[in-house]
Structures are given as structure tokens and as C-alpha cells.
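Architecture and fold: a report
Residues per chain are reported as follows:
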Amino acid sequence: MADTSTFSAAMKTKFIGPIRDGLHSGKVLLFGTGPEGGDNTQANPEDFKGIQRSAEGIDFVGNDFRIPLKATRNQAVGFRSENETLPAPGNSTYTYLTEPLRYAYGLFNITGQLLKASESNEGAFKQAFKQEMEDTVLTSKIDFNRAAFGDGTGSFTAVATNASSSDTTVVVSTTINFRGGEIIDFTTSGGTVVSAAHTVTGINRTTKTLTISPALAANVTAGTHFPVRASSDSTTSVPNNSLNKEIQGLQSIVASSGALHGVNPTTYAFWKSYQAAVGGGITDTVLRNAVDGIGFEAGADTSGNDFVMITTRGIRANYAATLTSLKQFVNAEAQTLRGGFKALIFDDHPIFVDDQCPVGNVFGLNLKDFFWAELADWDWMDQDGDVLKWESRKDRYVAILYKYCQLGVTRRNTHFRLTGVTDTDR
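Only a predicted model underlies this, so the values are computations on that prediction, with no experimental measurement involved.

Things to note about the overall build of the protein
- Counting its secondary structure elements, the protein contains 6 helices and 19 strands.
- When burial is assessed residue by residue, the protein has 46% of its 426 residues classed as buried.
- Of the contacts made within the protein by residues no fewer than 6 positions apart, 73% connect residues no fewer than 24 positions apart.
- Within the structure as shown, the protein displays about 20,200 Å² of accessible surface, and the carbon and sulfur contribution to it stands at 49%.

Quick look at the structure:
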């Protein structure tokens, strides 16, 4: 049998770089989280940089990040007549942004037979591992990106129609977060698993129906239950899933209510985003009102590619159709930005498409106010010295990718969310 330390060394030196590149590329919310010194950190000011990773000003207290936040400005200013009493001295007040880090993992196994077959040369080694790693990286990226659009609960979607025990189909609100093969638990927000470890074997995007195996072990109820990412060994009595363990996502960050990072807008009125229900198609006027709204309320600089919009294919297509008569102008056509992203341009702001953006939504994000708090970028779990870990009583070895991080903002009022926009329902 080939020495696993040889493979472990190659995985650390030859594969982790391309794996990180793959996990950071192609998704607007993930782009920019690569190692410092990478291509995206050397972007010119006018280029799209994504969400830059930086530990500057971020303290880690235990497993939480902590950032000071100015809550109120000193208001001891004003005009007086000659020889009048001056304003009473004042000062700014501060609080802290804090949020627990979250821990993401991706695992795959390699059989002893594959290891044996690959011991002859490095090329064979690469081929033996290529498919497993590519599958793990792609699945991890899709799942991580879904979480970045979510609300921290881990919910893929909502159950839309009651389903009974022994049913093998479940109607959901949207199927955008399913590609087939996902293992899911049906849970309550309180953490109760009502039916565990179902594999999604079919997806009907027209009727928004999931086919699952095995059949439901209990009734699931519309408005009460939802599916979350789970493990094949999850059970109702001993759950093994992502419920309430995921990073904060846009649905909880870009919101007009609800506490975030320990700060509540009922106490600090500025700590909320612009949110509006459109109830129709997107137009230049709707977008401009949203951009101008946050610019006025927050005094935000929305110039350049630091301010971006993210939406769905359907909304982009509908909006692009309104620009047909303007195609002689450069800002009406798709542009290619750093990172290979194609985007329509509105008032110098890129409009990106992401297939995991919630249906009927447009997010406007001031990316320089976002950050990734990272204790560890994607890496192999090898603290014990082994990337490949022997699985007890099995002729196979397990490799574990991990990332310790959290998505956050330093200003919440420099972003907008539009809902109820005419879209292609999925």
C-alpha cells in the first residue's frame, strides 16, 4: 500500500490552492474571500473586488468576532449669540457588533484500492482524486453560497402544502436550492426533527415538488416545517444537520427589522436596511429610488463597483428587455468585470445574477461595508498530522475540508432589498 503521508503532502501543496480558488470563484458573495495577495486583492479601484477578507479591526473573543460600533455621534454643536452659554459638552456613544463564528465542512472518502492503484505515479494520483475533490468542492460551494443568501437557520425553503406520513413527494415554496441528491431533515424552527435523512431523488420545478427517499416518517405541515441540510445518519432522536448552525446570510443581514450582530434597530434606529415590496416589474425608477434612498439616509457612497445589485435570471431578463431601445449605450449592455463576472450596468452599478438569490428579490449591497471574519480559510483538517484519516474497520480513508468564519456588516443601512418583483417562478 502506498504511504498515505505522500498523498497527504501532495493534497496540502498541490490541491488546496486550486480548491480555494474553486470555492471562491463564480459567486459574487464568495468572491474576494481568497488568501491575501491573490489576484482579487490587487484589483484597481475601479475594478470589482468582491467582499474583501480583512482581520483589521476585528477581534475574536472566544468563538465570536467583536467590532466596536459608533451608536450615536456627539451632538454638542450649534450657534450662540455673543456671551451666551455654550452647548453642554457631549460625546459619541459606542456599542459592539458581535456574532459567533460558524463552521463549514466538506468530507469525501478514498478507498484503499484507489490509493493502491495510484501509487505508480503522480498523474495517476491526480486522476484518482480529481473526481472526488471536484464533486466535494462544487457541492460545498453551492451549499455555502445558499447559506450566504439565507437567514442563519439553514432552511432550504418552506413546506408549501401539508404532506402525510409515507408520502414520497413534498411541495415546497421554491426549488432553487436543490440540484438533486441532497440529504435533508424536515424540522421545526425550534429544532425538532420530524422526519430525518431523506435523499432528494427528483425535482419538478414547474410544480415545485421534491421526490424523496425514503418516504416521510411523519406528517409535515405547511408554514411550520422546512428542510435543512443533513447527514445520512441523522435521526429524529439524534439529529445530524445544519439547523441554526449556518452563517448569517443576506435575508437576515439586509433587513428592516430584527437584531443582527447583537444590535437591535428598536434601540438603534439606524441599524436597519432599506426594504420595499415592489409588486411588479423592476424599472430604472424603482432601482434609482432604492439607491438614492440609502444614499440619503446613510450618507453612503454608492459610486463605482463597490455597490452592486444581485438578482435572479428572470428579473435580469425582464429588466434587460426594457433596455432594448438603449443598447447603443454602453451602460445598457452586459459588461465583463474582474473575476469573469458578466453584469448589466445600471448607473455604473453592476447587476449580477445568482441562481440561489431568492425568487422575486433584488439585493443592493455596499460591499465595502461587508466583511468575512475568518479564523481559517478552507483547509484540510490535519491537526493530527494526517490529511487522509483511516476510517475504523473500513478499507478507506476520509479527507475533511473545513472553514471557520462568519459573514457580517459594519453598516446595515447602506444596503437595500426589494421583494415581490415580477420573476420566473421556480
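Still more to cover.
Here we look at the nonpolar core
- Membership of the largest hydrophobic core comes to 55 residues, with the highest contact counts inside it found for Met11, Ile19, Leu365, Phe370 and Trp380.
- By residue number, the principal contributor to this core is helix α3 (residues 122-149), which donates 7 residues.
- Once residues lying within four places of it in the same chain are set aside, the contact partners of Phe370 are Ile51, Leu250, Ile253, Val254, Leu365, Leu407, Gly408, Val409 and His415.
- Of all hydrophobic cores here, the second largest spans 17 residues; its members include Ala290, Met309, Phe416 and Leu418.

Observations concerning a positive patch on the surface
- Where like charges cluster on the molecular surface, the positive patch consists of Lys70, Arg73, Lys368 and Arg411.
- Residue position: Arg73 is located in the loop between β2 (64-72) and β3 (93-100).
- Taking relative accessible area as the criterion, Arg73 reaches 64% and is therefore assigned exposed.

Quick notes on the sheet that holds strand β5 (residues 169-171)
- The strand order β5-β8-β7-β6-β9 describes an open sheet built from 5 strands, whose pairing is antiparallel. Sheet topology places β5 and β9 (226-229) at the edges, where each strand pairs with a single neighbour. On average, each strand axis in the sheet is tilted by 45° relative to the strand beside it, whichever way the strands run.
- Pairing geometry for strand β6 (residues 183-187) and strand β7 (residues 193-204), over 4 bridges, is antiparallel. Looking at the pairing, Thr187 lines up with Val193 of β7.

Observations regarding the pattern of salt bridges
- Evaluation of the coordinates by the stated rule reveals 13 salt bridges.
- The residue Lys403 makes a salt bridge to Asp377 at a minimum N-O spacing of 2.9 Å. Of this pair, Lys403 sits in strand β18 (residues 396-409) while Asp377 sits in strand β16 (residues 370-380); the two residues are 26 residues apart in sequence, bridging distant segments of the chain. Taken as a pair, Lys403 and Asp377 share a single burial class, namely buried.
- Between Asp384 and Lys389 there is a salt bridge, and its shortest N-O distance comes to 2.8 Å.
- One network of salt bridges, in which partners are shared, links Arg20, Glu374, Asp377, Asp379 and Lys403.

Comments concerning the packing of aromatic side chains
- Evaluated as defined, the whole model comprises 12 aromatic pairs.
- With a centroid separation of 6.3 Å and an interplanar angle of 55°, the aromatic rings of Phe149 and Phe363 are classed as tilted. You can see Phe149 sitting in helix α3 and its partner Phe363 sitting in strand β15 (residues 362-366), a full 214 residues away along the chain.
- On the basis of relative accessible area, Phe149 is assigned to the buried category, the value being 1%.
- Taking relative accessible area as the criterion, Phe363 reaches 0% and is therefore assigned buried.

Here we look at the side chain of Thr414
- Of note, Thr414 is situated in the loop between β18 and β19 (416-421).
- A polar contact of 2.7 Å, which involves the side chain of Thr414, links it to the side chain of Asp369.
- Engagement of the side chain of Thr414 in a polar contact is seen with the side chain of His415, the distance being 3.3 Å.

Examining the environment of Arg313
- Here Arg313 shows up in helix α6 (residues 313-321).
- Residues Arg313 and Val353 lie 40 residues apart in sequence; the distance between their C-alpha atoms is 5.9 Å.
- Not counting residues within four places of it along the chain, the set of residues in contact with Arg313 comprises Val353, Asp355 and Arg426.

A look at the sheet that holds β3
- Across the sheet, 3 strands lie side by side as β1-β2-β3; this open sheet has antiparallel pairing. The open sheet terminates on both sides in strands that have one partner only, identified here as β1 (59-61) and β3. For this sheet, the mean inter-axis angle between neighbouring strands, taken without regard to orientation, is 45°.
- Pairing analysis gives 8 bridges linking β2 to β3, with the strands arranged antiparallel. Its bridge partner being in β3, Thr72 is matched across the sheet by Thr93.

Brief notes about the confidence of the model for the protein
- Scored by pLDDT, the protein has a mean of 86; 86% of the residues are at 70 or more.
- Across residues 33-46, confidence stays below pLDDT 50; counting only partners more than four residues off in sequence or on other chains, it has 34 contacts.
- Note that pLDDT drops below 50 for residues 328-332; the model gives that stretch 6 contacts with residues more than four away or on any other chain.

Conventions and cut-offs
Residues numbered from 1 in each chain as written. Predicted model: local features only at pLDDT ≥ 70, side-chain atom pairs only at ≥ 80, totals over all residues. Heavy atoms only, no water. Helix = DSSP H or I, 4+ residues; strand = E, 2+ residues; numbered from the N terminus. Buried < 20%, exposed > 50% of the residue type's maximum accessible area, 1.4 Å probe, protein only. Contact = heavy atoms within 4.5 Å. Areas by Shrake-Rupley, 256 points an atom, 1.4 Å probe, with all protein chains shown as cover. Core = buried A, V, L, I, M, F, W, Y, C linked by side-chain atoms within 4.5 Å. Patch = residues over 30% accessible without salt bridge, like charges linked within 9 Å, V, L, I, M, F, W, Y side chains within 5 Å. Salt bridge = Lys/Arg side-chain N within 4 Å of Asp/Glu carboxyl O. Lys, Arg positive; Asp, Glu negative; His and termini not counted. Charge placed at Lys NZ, Arg CZ, Asp CG, Glu CD. Pairing = 2+ DSSP bridges. Axes fitted to C-alpha atoms, helices over the stretch in contact; angles between N-to-C directions. Phe/Tyr/Trp six-rings, centres within 6.5 Å; stacked < 30°, edge-to-face > 60°. Polar contact = N/O pair within 3.5 Å; in protein donor to acceptor, adjacent residues only side chain to side chain. pLDDT = per-residue confidence, 0-100.

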